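# A structural walkthrough
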Amino acid sequence: MNIVLLGAPGAGKGTQAERLIEKYGIAHISTGDILRAAVSAGTDLGKQAQKFMDAGELVPDTLVIDLVMERLLDDDTKEGFILDGFPRTATQAVALTSKLDEMGRGIDFAIAVEVAPEVIVERLSNRRLCEVCGYIGTSKDEVCPACGGSMYQREDDKAETILNRLSVYDSSTAPLLDYYRGAGQLVAVNGDQSPEAVFADIQAIIGS
Ligand code: AMP
């Protein structure tokens, strides 16, 4: 099963992706995670990406498309994959469709996780991550409930960057909903519920 997760930053894509990979045993491709790892490792990609990420801007298509196209060749994607945070522009969406066509594969579901903008701002401001296992929690979690690791706030979850990320989402990424609607692949779930309830809705759509 091949899934694209769509939704604004903070809609809960990462949380739902974790549940989906656990349940269906498919590969998780998060461009945000790959780029953050590249920044931490100080690779060329990381050096080029960092200034865009810190400003809440999109990393240029050429950099992101190449890394996803390569990742799709890995063996662990053969049983299926979840794309989380990609595509984010029309150019990325078209590149993905043509690469999958070439590979004789396709998207089964493009799942839009819908959350009102005011809820998103609140969620992003309160989001904290575990620096050890990547658990996604809130400012109430003093230590990671999953592994006891220290929690931190992403640089781009700070107030000054959040609004820019939302405006970039509206202008560049939200139009992709129409792209996937046109392809007959779009399904929507209400993301303004508990993670368990959102996951139940997703499972009801994709089957178990
Ligand atoms: P995320 O963790 O998905 O919110 O991504 C964090 C940041 O990484 C974004 O604000 C962008 O700067 C960058 N990024 C992640 N995915 C993409 C993408 N598909 N295209 C361009 N930039 C991306």
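Residues numbered from 1 in each chain as written. Predicted model: local features only at pLDDT ≥ 70, side-chain atom pairs only at ≥ 80, totals over all residues. Heavy atoms only, no water.

## Quick word on the overall build of the protein chain
As a reminder of what qualifies: Only runs of H or I of at least four residues qualify as helices and only runs of E of at least two qualify as strands under DSSP, and these elements are numbered from the N terminus. The cut-offs for exposure are 20% and 50% of the maximum accessible area for each residue type, with area from a 1.4 Å probe on protein chains only; residues under the lower value are buried, those over the upper are exposed, and the others partly exposed. Here a residue-residue contact requires only that any non-hydrogen atoms of the pair lie within 4.5 Å.
Counting its regular elements, the protein chain contains nine helices and eight strands. Overall size of the protein chain, expressed as C-alpha extent along the three principal axes, is 45 × 40 × 35 Å. Expressed as a percentage of the 208 residues in the protein chain, the buried residues total 45%. Taking contacts inside the protein chain between residues at least 6 apart in sequence as the whole, the part at least 24 apart equals 69%.

## Let's talk about the environment of glycine 207
Here glycine 207 lies in the segment after helix H9 (195-206). C-alpha separation for the pair glycine 207 and glutamate 160, spaced 47 residues apart in sequence, amounts to 40 Å.

## A word on the sheet that holds strand E4 (residues 109-114)
Put simply, the test is: Pairing between strands is defined by DSSP: at least two bridges between them are needed. Lines fitted to C-alpha atoms define the axes here, with helix axes fitted over just the stretch in contact, and angles between the N-to-C directions of these axes take values from 0 to 180 degrees.
Overall, parallel pairing links the five strands, which are arranged E2-E3-E1-E4-E8 in an open sheet. The open sheet has two edge strands, strand E2 (27-30) and strand E8 (186-190), and neither has a second partner. Across the sheet, the axes of successive neighbouring strands diverge by a mean angle of 20°, strand direction being ignored. Pairing analysis gives four bridges linking E2 to strand E3 (residues 81-84), with the strands arranged parallel. Residue pairing across strands places alanine 27 opposite phenylalanine 81, the latter belonging to E3. This element, H9, spans strand E1 (2-6), E4 and E8 of the sheet and lies at about 155° to E8.

## Remarks on the site of the ligand
Put simply, the test is: Proximity is defined per residue: if any heavy atom of the residue lies within 4 Å of a molecule or strand, that residue is considered near it. Under this definition, polar contacts are N or O atom pairs within 3.5 Å; protein pairs additionally need one hydrogen-donor-capable and one acceptor-capable atom, and for neighbouring residues in sequence, both atoms have to be side-chain atoms. For the accessible areas, the method is Shrake-Rupley and the probe is 1.4 Å, while residue cover comes only from the protein chains on display.
Taken together, 16 residues are adjacent to the ligand, and Thr31, Arg36, Glu57, Gly85 and Gln92 come closest. Measuring from an oxygen atom of the ligand, one finds a side-chain N or O atom of arginine 36 at 2.9 Å. At 3.1 Å from an oxygen atom of the ligand is found a side-chain nitrogen or oxygen belonging to arginine 154. Calculation on the ligand without its partners gives an accessible area of 480 Å², and the protein chains cover 96% of this total. Top contributing element to the shell around the ligand by residue count: helix H2 (residues 31-41), with four residues.

## Regarding the side chain of threonine 31
With respect to the helices and strands, threonine 31 occurs in helix H2. Beyond its immediate sequence surroundings of up to four residues, threonine 31 is in contact with Val64, Leu67, Val68, Asp84, Gly85, Phe86 and Arg88.

## Here we look at the pattern of salt bridges
For clarity, the cut-off: Salt bridges are defined as contacts in which a side-chain nitrogen from Lys or Arg sits within 4 Å of a carboxyl oxygen from Asp or Glu.
One pass over the structure, following the stated rule, counts 12 salt bridges. Of the charged contacts in the structure, one is a salt bridge between glutamate 196 and arginine 19, with a shortest N-O distance of 3.3 Å. Of this pair, glutamate 196 sits in helix H9 while arginine 19 sits in helix H1 (residues 13-24); the two residues are 177 residues apart in sequence, bridging distant segments of the chain. Taking the shortest distance from any N to any O, the salt bridge between glutamate 102 and lysine 99 comes out at 3.7 Å.

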